[in-house]
Structure formats: C-alpha cells, structure tokens
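Here's the letter readout for the chains.
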Amino acid sequence: MGTQLLLGGRFYSSSSPDATAMAVTDGTVVWLGAEQPGRALHPDAEIIDLDGAFVAPAFVEPHVHVTALGLKLTGLDLSGTRSLAECLAALRAHAAAQPRGAILGDGWDETRWPEGRPPTVEEIDAAAGPGRQVYLARVDGHSAAVSSALLDAVPEVTSTAGFTRGEPLRAAAHHRARSAVLGGLDRARRDDARRAALDAAAASGIVAVHECSGPDIAGRDDVRELLEFEHGVEVRAYWGEAVTSAEEAKALVAELGVHALGGDLFVDGSLGSHTAWLREPYADTPGTGNGYLDAEAIAAHLRACTATGIQAGFHVIGDAAMDAVVAGFQRVVDELGGPAVAARGHRVEHAEMLDAEQIGKLASWGVIASVQPVFDATWGGAGGMYAARLGAERAAALNPFAAMAAAGVSLAIGSDAPVTELNPWLAVRAAANHRTPGNGISPRAAFAAATRGAWRAGGVRDGIAGTLVPGAPASYAVWEAGDLVVAAAADSVQRWSTDPRSRVPGLPPLEPDSAPPRCLRTVHRGVTLFEA
C-alpha cells in the first residue's frame, strides 16, 4: 500500500488531539502531528488534502440484520408511513410496480398512526391483489401482518403459538411465516440485499458489522451466504441458537462458520409487539409477554460456551427476562467462577429493563451490553410507546446507560437495523440526550461505545482498535462537520470549545436538533470502502 499522508484535517485522537496530519503505512497509523514535520518525516508519501474535514475512528455496528436491512433498502420501506392509510397506499403502489413474486415490507409502527392499529389480512389482500404473498414486518421485527395467500402457503401457522385471528403474527407463528417467505427468495435477490446493506454501512462510516442471525431470524443458508459474500465491510456473525453441551456448541460453530453463539438468542420478544417478558402485566393489554428461555436453559448455553471459549449472548428486553438471564449467569458463575465467565466477554443485547442489583452483577461478571439508544429517542418520553406499554413510571427507568457505565458495564452502541436507521451519529446523539434525565452518557462516552466499545464487544481487546494512535489499524472515516466541541453529558450545562491545551479531542455538536456529520470517505485497514 505504501504511505499516505493526510493533511489539513482535524483528528479525533487521544494521543494527539491537536493533530492536523496523520500518516498511514500499509494499513496502519504510524504518526500524527503537525503538517510540516509530517511532510519532512514522509517525503515520498501520497498526499491526501482533507480541506478541514474531521477524521475519527470508524464505527462498528454491533447489532444488525444485514439481509433484512438490505431487503428494506431495496424493497418496501414502511418506516416513513404516517398512517394506516399511507401504509396501504404504499403497499398498493409497490404491488403495482412489482407485479410478480412475494412482497416483503418492513418498518410499520401502529403506535405512530392516528388509526392506532395494524393492517388486517383483508386490507392487505385488497391492497396487494388476490393470491399475492405479503409479509409486512412490524418495526421491531417481532411481529408481522401478512396476506391470506401467505397463510394458505404455510397452513401450520394457524395452529402455532402466536397466531390469533385478526391480529399480526407473533412468536413461533411469526417465525414460521418469516422463514417461508425468506426461503422463497432466490440467491440473486438475497445478494442484492446484502450488497445494499453493506454499501449503506460503508457510506455511514461503518467498517464492521455484527450480524445477529439465528434459526428464527433468517436461517442457516442466509448466514452461510453472508459469510461467503465478498465486501470490504467486515462481518462478524452471531448465531442465536441455544445449546446444552460443549460438544454441541463446538459442532454448531464449525457447521455454520459463525464467530459466536449469541446475538438474538431470544429470551423474550419486544415491547412494541407485547412479547417482552415482564414481571408485571402490560399497562395497555393483559399478560406479561413471552419467555422463550428459562434460567436453566440460559445456564446450560452459557456453561457450554464458557467451557469451549465461545462468546455467548442473549436477546433480553423485559425485566422478567433479565431476571432469568441473571439467574442463569449466577448458576454458571457459582460453578465455574467469575473470572472464567468474565474472560469470554459474553453479551446481552438490548438490556432495556434492569435494576441496580442486576447492573452490578452483570458488571462484576464482565458482561457487555449491546444497546440501541435510538430506541429511547423513538419510543421513550411521556407520550411514547414505552409509556403506553408500561406506564410512565416503568417507562422512565428504561435504558439506564449512565448507571450501567458507572457500574462498569462495557457498552457497545448500535442500531438493530432495520429496526432503527443505520446511522451511528444518531445513536451517539440519542445516548447523550436520553429522554430520562440522569440516564444519558457524555458524547465522548457514547462515541467510544460506538467505536472502541463495539470492537471490544466483538472480541477485539487489543486496546487500540477503534482509536487513532500510532500502531492502530487505519480504520477511520472522514466527515464534513462544522465546529468541534468538548461536551459533558446532556444533563450538565457545561460546554466549552476545544482548546489544544486541554488535550481533549472534540466531536461535532450532538444537541438533540443538530444535523449529523456527512461521511466523505470510509477506510478500513488502509483500504477505501466508500468515497462521496
């Protein structure tokens, strides 16, 4: 590769916060400092003029569904629909423009519609036309509205748990329908979707993603194909299937070629679909949601993975689900010891409802929390979906990022795309501007969780990944950004401009209404993945 000398920039570097130049040799950062000594030290380097742009460590997306995101980007995206009528109109237009094949849509959210309800089978049939298979996933991915043709094609769905006539499919019924419709897509369409998703990641300053797959999400063929797919964005694959023995764990990893047995290994579902597992009933419907794994099954999976050196993890949202996870961890810690468990860097995904005692235990066991702050930005607040589902008091306690960080829980910030937008700056901004006072973290802590923390969540613990210091991989993004600031958490009024003497690097403003920076270039280990 040779040496490149980036000049005239502003660099987010803890070792050289006042640097205006950076040298990269063969994919590694070798020097940061001022322009004049940079030219003297690297006289034969290729010069890249940054023209004042902001250069920062590239992002890592720790929780994404690549093929599903790509299908949303290339297909029927319902996330912008403002009413049921708009949703059905979008379906009608898409069906007319694409007259053949199954229709996959994603992103509808009835809690944001004036009608306050999802589409019915009859409405979907009328909009899409007779005999058309239609699968419309709710924004959280834990339920779906479907057409009668899809129900006819998978008749066992109607006798499966999670089917209630006149309502969206949930739980096992939803998983069956999703598997059927995804299985009907050809390889070319799946690859087009993967390319679109990974291209979008690169254009967002992301150089690596953690795919959270599983038998009830996209299936074995999808994860194998994704790992075979050639793209500059690095993919780490998590497979959400519970095992009961070390031998089973090793065989499953070998069979699929995945990196870990976690991600969306469902302990419960989601709040939006009323399938998160709660201690107390929902505020707006009877019942306490769905529990898919109990403490015994969690312990068996964790024990098997810990013994074989495999990272494990669990999808956990509700407080009862977290009770089961903590109980399962406690059993394995009692058997194998805390250091053995902590050494694996096991994960919990989402972790929205947890109390101080649970936070303390997770921290002591070295558990990493993969969190999605845009959930709070989208559904939090007094009038949001969380308050409707749980009541204001319970809702205000969700996503306690500050308490988790203060206790020593390592955070990795992501999106769960396609559930929320694949835009790391929005996630960082949401973490710093939490809807509940006291739950947010500083912009610097949030940025670290979306870079260094996300690398760590993927097992990279070398201390330099996700930084711009000599010796670090040259994985960075170049951004069009205005003035940089050093900012405290949103709960503090303290703000001050970057001063080189402070030795603290600045970030773009992350106020609630601030526009996110625009990506100009994304580079991974010296290789350019995206250029505007």
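Residues numbered from 1 in each chain as written. Predicted model: local features only at pLDDT ≥ 70, side-chain atom pairs only at ≥ 80, totals over all residues. Heavy atoms only, no water.

**Side note on the pattern of salt bridges**
Any two side chains of opposite charge can pair, on the condition that their charged atoms come close. Considering all chains together, one arrives at 31 salt bridges under this definition. For D77, the salt bridge goes to K72, with nearest N and O atoms at 4.0 Å. The exposure class of D77 is partly exposed, given its relative accessible area of 39%. What makes K72 buried here is its relative accessible area of 10%. Measuring nitrogen to oxygen at the nearest pair gives 3.2 Å for the salt bridge that ties R187 to D191. With R187 and D191 both in helix α7 (residues 187-203) and four residues apart, the pair spans about one turn of that helix. Assessed through its relative accessible area of 33%, R187 is described here as partly exposed. Note on D191: relative accessible area 16%, which makes it buried. (Salt bridge = Lys/Arg side-chain N within 4 Å of Asp/Glu carboxyl O. Buried < 20%, exposed > 50% of the residue type's maximum accessible area, 1.4 Å probe, protein only. Helix = DSSP H or I, 4+ residues; strand = E, 2+ residues; numbered from the N terminus.)

**Some points on the packing of aromatic side chains**
This model, assessed by the stated rule, comprises 11 aromatic pairs. Note on F59 and W479: the rings are 6.0 Å apart at their centroids and 70 degrees apart in plane angle, and the pair reads as edge-to-face. You can see F59 sitting in strand β7 (residues 59-64) and its partner W479 sitting in strand β19 (residues 476-480), a full 420 residues away along the chain. Each member of the pair, F59 as well as W479, is classed as buried. The structure contains a cluster of three or more aromatic residues connected by ring pairs, namely Y12, F54, F59, W425, F447 and W479. One cation-aromatic arrangement involves R347 over Y238; the distance from NZ or CZ to the ring centre is 4.5 Å. (Phe/Tyr/Trp six-rings, centres within 6.5 Å; stacked < 30°, edge-to-face > 60°. Lys NZ or Arg CZ within 6 Å of the ring centre and 35° of its normal.)

**Comments concerning the nonpolar core**
Formed by 83 residues in total, the largest nonpolar core has its most connected members in V209, L261, F314, V325, M404, L411 and I413. The element contributing the most residues to this core is helix α11 (residues 319-336), with eight residues. Dropping the residues within four chain positions of it, L411 is found in contact with A369, V371, F401, M404, A405, I441, A449 and G453. Counting 18 residues, the second largest nonpolar core, distinct from the first, contains A144, L151, A173 and L182. (Core = buried A, V, L, I, M, F, W, Y, C linked by side-chain atoms within 4.5 Å. Contact = heavy atoms within 4.5 Å.)

**As for the side chain of E61**
Structurally, E61 is set in strand β7. A distance of 2.8 Å separates a polar side-chain atom of E61 from the backbone nitrogen of H63. The residues touching E61, leaving out its near neighbours within four places in the chain, are I206, A208, V209, H210, G414, S415, D416 and L422. (Polar contact = N/O pair within 3.5 Å; in protein donor to acceptor, adjacent residues only side chain to side chain.)

**Details of the domain arrangement of the chain**
By convention, interface size is frequently given as the accessible area that disappears when the constituent parts associate. Splitting the chain by domain gives domain 1 (3-58 + 467-531), domain 2 (64-184) and domain 3 (189-458). The interface of domain 2 with domain 3 comprises 29 residues on the first partner and 39 residues on the second. Across the interface of domain 2 and domain 3, roughly 2,800 Å² is buried in total on both sides, 57% from carbon and sulfur atoms. Interface area lost by domain 2 to domain 3 is led by V64, H65 and H142, which between them contribute 25%. At the junction of domain 2 with domain 3, the criterion picks out 19 residue pairs in polar contact (both at pLDDT 80 or more). For the side of domain 2 that touches domain 3, the elements supplying multiple residues, two or more each, are α2 (66-74), β9 (103-108) and α6 (171-183). If one sorts the elements of the side of domain 2 that touches domain 3 by residue count, α2 sits on top with nine residues. Taken together, the residues of the side of domain 2 that touches domain 3 break down into 11 nonpolar, nine polar and nine charged. (Domains from an automatic or database assignment. Buried area = accessible area lost by both parts, 1.4 Å probe. Nonpolar A, V, L, I, M, F, W, Y, C, P; charged D, E, K, R; others polar.)

**Some remarks on the packing of helix α18 (residues 424-432) against helix α19 (residues 443-450)**
The relative placement of two packed helices comes down to the angle between their axes together with the axis-to-axis distance. Remark: α18 packs on α19, axes separated minimally by 8 Å, with the N-to-C direction vectors making an angle of 140 degrees. Considered as vectors, α18 and α19 are oriented oblique to each other. Crossing geometry of α18 relative to α19 is assigned as right-handed. Note on element contacts: α19 touches α18 through P443, A446, F447 and A450, opposite W425, V428, A431 and A432. Class assignment of the residues belonging to the contact of α18 with α19 gives a composition of eight nonpolar, no polar and no charged. (Axes fitted to C-alpha atoms, helices over the stretch in contact; angles between N-to-C directions. Parallel < 35°, antiparallel > 145°, perpendicular 65-115°, else oblique. Left-handed = near helix turned anticlockwise from the far one by under 90°.)

**Notes on empty space enclosed by the protein**
By the definition in use, this model includes six cavities of 30 Å³ or more. Taken as a whole, the largest cavity encloses approximately 120 Å³ of empty space. The wall of the largest cavity is formed by 16 residues, among which D140, S270, I317, E352 and F375 lie closest to the centre. If you list the elements that add at least two residues to the lining of the largest cavity, you get α14 (373-379) and α15 (385-390). For the lining of the largest cavity, a count of residues per class yields seven nonpolar, five polar and four charged. For the lining of the largest cavity, the two domains that each supply at least three residues are domain 2 (64-184) and domain 3 (189-458). (1 Å grid on protein atoms, 1.4 Å probe; cavity = no way out; pocket = protein on both sides within 12 Å on 5 of 7 lines; lining within 4 Å. Points joined across faces, edges and corners; volume = space filled by probe spheres on them.)

**Examining the layout of surface pockets**
Where empty space is left can be seen by rolling a probe of water-molecule size over the atoms. Counted as a void, the largest pocket has a volume near 710 Å³. The wall of the largest pocket is formed by 34 residues, among which V374, T378, V419, T420 and E421 lie closest to the centre. At the level of secondary structure, the elements contributing two or more residues to the lining of the largest pocket comprise α2, α14 and α18. The dominant element in the lining of the largest pocket, judged by the number of residues it contributes, is α14, at five residues. Partitioning the lining of the largest pocket into residue classes produces 17 nonpolar, eight polar and nine charged. Both of domain 2 (64-184) and domain 3 (189-458) provide at least three residues apiece to the lining of the largest pocket. The computed volume of the second largest pocket comes to approximately 610 Å³.

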